[in-house]
Amino acid sequence: MRIAAVVVAAGRGTRARLAGVSAKQYAPLGGVPVLRRTLGALASTGAIAMLQVVIHADDRTDYEQAISGFDGPLLAPVVGGRTRQASVLAGLEALAPHRPDGVLIHDAARPFVEASLLTRVILALQHHDGAIPALAVADTLKRADDAGFISETVSRTALWRAQTPQGFRFNEILAAHRAAAAAGQHDLTDDAAVAERAGMKVALVEGSVRNTKLTTTEDFNVAERELKGSIVADVRTGTGFDVHRFADGDHVWLGGVRIAHTHRLEGHSDADVALHAITDAILGAIGDGDIGQHFPPSDPRWKGAESRIFLEDAARRVRALGGRIGNVDLTLLCEAPKIGAHREAMRVAIAAILGIETSRIGVKATTTEGLGFTGRREGIAAMATATVILP
Ligand code: MG
């Protein structure tokens, strides 16, 4: 099933007063705009093939700033309508030429949606016209009269609080939205209501208490505090190891630096064993396969390729998750060439490829006391560790 997402960001969010931005979905949360966090969360599963954001006509600048550097499958934004319902329809119409099978419709102001929740909604779409995440109502419900007194206690049995993303078969929900608009109905507050109106069967799947909608300034303050508490928690570590053998030649590439030597290193690419180990360490930290999977040696495109391409790709994958590289530590194992004179050049080159400070790069070297294949000067081995900090 090819799944698209519509992210509704056209509202003005008057209930949260936030300095410097036009609407709450562009406000920074832990230093990152809310919309950017929401897009990152949706992209994190890899299950969503395209992201369509619906914006307010006045918000183009805020939007461009929010998505700057975002590397997900983002389509150009469309401008929404006067109501949420009209904005969703604009998003669906923009997706129609791409012919997705299913669509998740999500509030921009719900940045904490978890991958497991997205999976529940998407899986339910295989069996139903629609599926929405929902939470059982825990509090006792009261109906009030005009004077503010209780007129009735409402049974909470079978009552649920609807969240987003709400998932639907694409053609069905597009038709339902078109029909509601054509009938002059414009004030339905969620897409499940549009689906119900069209007679679609919409299933409930388990929602998540973390998947709150940021509405008031207090919501932002609570979220900011929670983020501070969780930032340390999601640090990932990866390791990489690589070996290349010596062959006839007059220089080697190590850590992005060309070093004159009595031999070259043999390999399909430029055989920069150091950059290969670092690439694998970063890919390992984000659980995204290894260098051979993304750049198969059998592919002629990578013959003689500069290994910086592989490392740039790994860094791009980290950014696509909204993450950043904490540090990289590299150890080279060889008798020769001597690394010390090139250490700083390697740190600078690796930092430039990754787009991080040189202070975050460690380069070390050791001999193996004449033992083993490195001791016999048959080749060079490299090992690396990388940490990645995910939002
Ligand atoms: Mg290699």
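Going by the structure above, here's the rest.
Residues numbered from 1 in each chain as written. Predicted model: local features only at pLDDT ≥ 70, side-chain atom pairs only at ≥ 80, totals over all residues. Heavy atoms only, no water.

Caption draft 1: Up close: the overall build of the protein. Assigned secondary structure in the protein consists of 12 helices and 19 strands. Projected onto its principal axes, the C-alpha positions of the protein cover 90 × 40 × 40 Å. A burial count over the protein gives 47% of its 391 residues as buried. Contacts spanning at least 24 positions in sequence make up 72% of the contacts within the protein whose residues lie at least 6 apart. When the accessible surface of the protein is summed, it comes to about 18,800 Å², and 51% of that surface belongs to carbon and sulfur atoms. Mean positive and mean negative side-chain charge positions of the protein (43 and 44 charges, respectively) differ by 2 Å. (Helix = DSSP H or I, 4+ residues; strand = E, 2+ residues; numbered from the N terminus. Buried < 20%, exposed > 50% of the residue type's maximum accessible area, 1.4 Å probe, protein only. Contact = heavy atoms within 4.5 Å. Areas by Shrake-Rupley, 256 points an atom, 1.4 Å probe, with all protein chains shown as cover. Lys, Arg positive; Asp, Glu negative; His and termini not counted. Charge placed at Lys NZ, Arg CZ, Asp CG, Glu CD.)

Caption draft 2: Layout of the coordination of the magnesium ion. Within the protein, the atoms that donate to the magnesium ion are D242 (OD), H244 (NE2) and H276 (ND1), at distances of 2.1 to 2.3 Å. Here the donor residues of the magnesium ion share one chain and are spaced in sequence as D-x1-H-x31-H. Take D242 and H244: they sit in the same class, and that class is buried. (Donors = N, O, S within 2.8 Å, 3.2 Å for Na, K, Ca; no water.)

Caption draft 3: Region of interest: the side chain of R347. By the element assignment, R347 lies in helix α11 (residues 343-354). What makes R347 buried here is its relative accessible area of 18%.

Caption draft 4: Quick look at helix α4 (residues 115-124). Listed as buried for α4 are L117, L118, V121, I122 and A124. Across the axial projection of α4, the buried residues extend over an arc of 165°, all falling on one side. (Arc of directions from axis to C-beta.)

Caption draft 5: Quick look at unusual backbone geometry. Cis geometry is adopted by the peptide bond preceding P165, which originates at T164 and carries an omega value of 10°. Structurally, P165 is set in the loop between β10 (160-162) and β11 (166-169). Its identity as a non-glycine residue notwithstanding, A158 has a phi of 70°, on the positive side. With respect to the element layout, A158 can be found in the loop between β9 (150-154) and β10.

Caption draft 6: Spatial organisation of the packing of aromatic side chains. In total, this model carries 3 aromatic pairs according to the counting rule given. Aromatic pair F295 and W302: ring centres 4.8 Å apart, planes at 80°, arrangement edge-to-face. A single burial state applies to F295 and to W302, both of which are buried. (Phe/Tyr/Trp six-rings, centres within 6.5 Å; stacked < 30°, edge-to-face > 60°.)

Caption draft 7: A look at the environment of A175. Tracing the sequence through the fold places A175 in helix α5 (residues 170-182). With 42 residues separating them in the primary sequence, A175 and P133 have C-alpha atoms 22 Å apart.

Caption draft 8: The arrangement of a nonpolar patch on the surface in detail. Taken together, F241, V243, F373 and M383 make up a surface patch of nonpolar side chains, about 350 Å² in accessible area. Inspection of the secondary structure puts V243 in strand β13 (residues 235-248). Overall, V243 belongs to the partly exposed group, its relative accessible area being 35%. (Patch = residues over 30% accessible without salt bridge, like charges linked within 9 Å, V, L, I, M, F, W, Y side chains within 5 Å. Salt bridge = Lys/Arg side-chain N within 4 Å of Asp/Glu carboxyl O.)

Caption draft 9: Representation of helix α3 (residues 84-95) within the structure. With 12 residues, α3 should reach 16 Å at 1.5 Å per residue; the first-to-last C-alpha distance of 17 Å fits that figure. Inspection of α3 places Q85, S87, V88, L89, G91, L92 and L95 among the buried residues, and these make up the whole buried set. Elements in contact with the buried residues of α3: β1 (3-9), β4 (48-55), β5 (78-79), β6 (102-107), α5 and α6 (191-197). (Expected span 1.5 Å × (residues − 1).)

Caption draft 10: Here's a closer look at the pairing of β6. The element β6 is extensively covered by neighbouring structure, given that 6 of its 6 residues are classed as buried. Going residue by residue along β6, you find G102, L104 and H106 tucked away on one face and V103, I105 and D107 tucked away on the opposite face as well. As paired elements, β1 and β6 share 6 bridges and run parallel to each other. Residue pairing in the sheet places V7 in a bridge with H106 of β6. Both β6 and β11 contribute to a ladder of 4 bridges, which runs antiparallel. What sits directly across from I105, in β11, is Q166. (Pairing = 2+ DSSP bridges.)

Caption draft 11: Quick look at the sheet that holds strand β17 (residues 324-333). Spatially, the 5 strands line up as an open sheet ordered β16-β13-β19-β17-β18, and their pairing is mixed. The outermost strands of the open sheet, each flanked by one partner alone, are β16 (263-265) and β18 (361-366). If you compare each strand with its neighbour and ignore which way they point, the axes differ by 20° on average. Both β13 and β16 contribute to a ladder of 3 bridges, which runs antiparallel. (Axes fitted to C-alpha atoms, helices over the stretch in contact; angles between N-to-C directions.)

Caption draft 12: Here's a closer look at the pattern of salt bridges. Evaluated as defined, the whole model comprises 18 salt bridges. Linking D107 and K213 is a salt bridge whose minimum nitrogen-to-oxygen distance equals 3.8 Å. One end of the pair, D107, is in strand β6; the other, K213, is in the loop between β12 (202-206) and α7 (217-230), with 106 residues separating them in the sequence. Note that D329 and K364 form a salt bridge whose closest N and O atoms lie 2.8 Å from each other. Of this pair, D329 sits in strand β17 while K364 sits in strand β18, and the two are 35 residues apart along the sequence.

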